[in-house]
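# Descriptive analysis of the structure
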Amino acid sequence: MKRFLKLLTMGFVLCAVAACSSKFRSYQGAEVTGVVVQKEKRLLHLMHEDKALKSYQIGLGNEPVGQKTRLGDGKTPEGTYRINRRNPNSRFHLSLGISYPDASAWRLAREAGNDPGGDIFIHGQGRDYDPTKGRDWTAGCIAVTDREIEQIYAMVKDGTPITIYP
């Protein structure tokens, strides 16, 4: 009987440890009503109305200054969009999709004879992250650490507005 209780206790401990290592977190706090990104300051804020609930240092596209205008320009878009999808199996640990390009970006790119690009996300570093690339290493996305994207992924719902400032 003692051996059975010992094994049962060890099983519970192992299950608890395994649960702690999951990349999926839960969040019970105030609703995130918006995401604000300040590119120049390299900050992302999760907002509830006009109050920042959490703030994170970020990395951007490898050419961070200016508006994204075409595929491959390395720029992070500026403007107001929505969180429109989530990828639990991202190669960057977890990711939240941003609704870029919008109709305006499509129109401007087409007028210039370009493809506006797409697949813009808030994501973690993932297994391919190379710290020698510097702070701004993405192809146009917004990067945080893997632990931080776990928090953001739990806190931000699809449909949440995101405003990206220069």
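Rules of the game
Residues numbered from 1 in each chain as written. Predicted model: local features only at pLDDT ≥ 70, side-chain atom pairs only at ≥ 80, totals over all residues. Heavy atoms only, no water. Helix = DSSP H or I, 4+ residues; strand = E, 2+ residues; numbered from the N terminus. Buried < 20%, exposed > 50% of the residue type's maximum accessible area, 1.4 Å probe, protein only. Areas by Shrake-Rupley, 256 points an atom, 1.4 Å probe, with all protein chains shown as cover. Contact = heavy atoms within 4.5 Å. pLDDT = per-residue confidence, 0-100. Pairing = 2+ DSSP bridges. Axes fitted to C-alpha atoms, helices over the stretch in contact; angles between N-to-C directions. Salt bridge = Lys/Arg side-chain N within 4 Å of Asp/Glu carboxyl O.

## Brief notes about the overall build of the protein chain
Helix and strand content of the protein chain: 3 helices and 8 strands. Ordered by position from N to C terminus, the α and β elements of the protein chain give α-β-β-β-β-β-α-β-β-α-β. Of all 166 residues assigned to the protein chain, the portion counted as buried reaches 39%. Surface accessibility of the protein chain: about 9,800 Å² in total, with carbon and sulfur atoms responsible for 55%.

## Notes on helix α3 (residues 146-155)
Those residues of α3 lying buried are D146, I149, E150, I152, Y153 and M155. Contact partners of the buried residues in α3: β2 (43-48), β3 (51-57), β4 (79-87), β5 (95-98) and β6 (121-123).

## Thoughts on the confidence of the model for the protein chain
Per-residue confidence for the protein chain gives a mean pLDDT of 90, with 87% of residues at or over 70. Every residue in residues 12-19 scores below 50 in pLDDT, and together they form 0 contacts with partners more than four places removed in sequence or on other chains.

## Things to note about the sheet that holds strand β7 (residues 142-143)
Spatially, the 8 strands line up as an open sheet ordered β3-β2-β1-β8-β4-β5-β6-β7, and their pairing is mixed. Both edges of this open sheet fall to β3 and β7, since each of them pairs with a single strand only. Each of β2, β3, β4, β5 and β6 touches α3; the most contacted strand, β3, lies at about 150° to it.

## Remarks on the pattern of salt bridges
Counting across every chain of the model gives 8 salt bridges. Its salt-bridge partner being R25, residue E150 comes within 2.7 Å of it at the nearest N-O pair. In this pair, E150 sits in helix α3 while R25 sits in the loop between α1 (2-20) and β1 (34-38), placing the two residues 125 residues apart along the sequence. With its nearest N and O atoms 2.8 Å apart, the salt bridge here joins K68 to D73. Of the residues examined, K68 reaches a relative accessible area of 5% and is grouped as buried. Since its relative accessible area comes to 9%, D73 is described here as buried. Where salt bridges share partners, they join R25, R147 and E150 into one cluster.

## Comments concerning the environment of I149
Mapped onto the secondary structure, I149 falls in helix α3. On the basis of relative accessible area, I149 is assigned to the buried category, the value being 0%. Counting along the chain gives 27 residues from I149 to I122, while the straight-line C-alpha distance between them is 7.7 Å. In this structure, I149 is in contact with H93, L94, I122, H123, G124 and V144, ignoring residues within four places of it in sequence.

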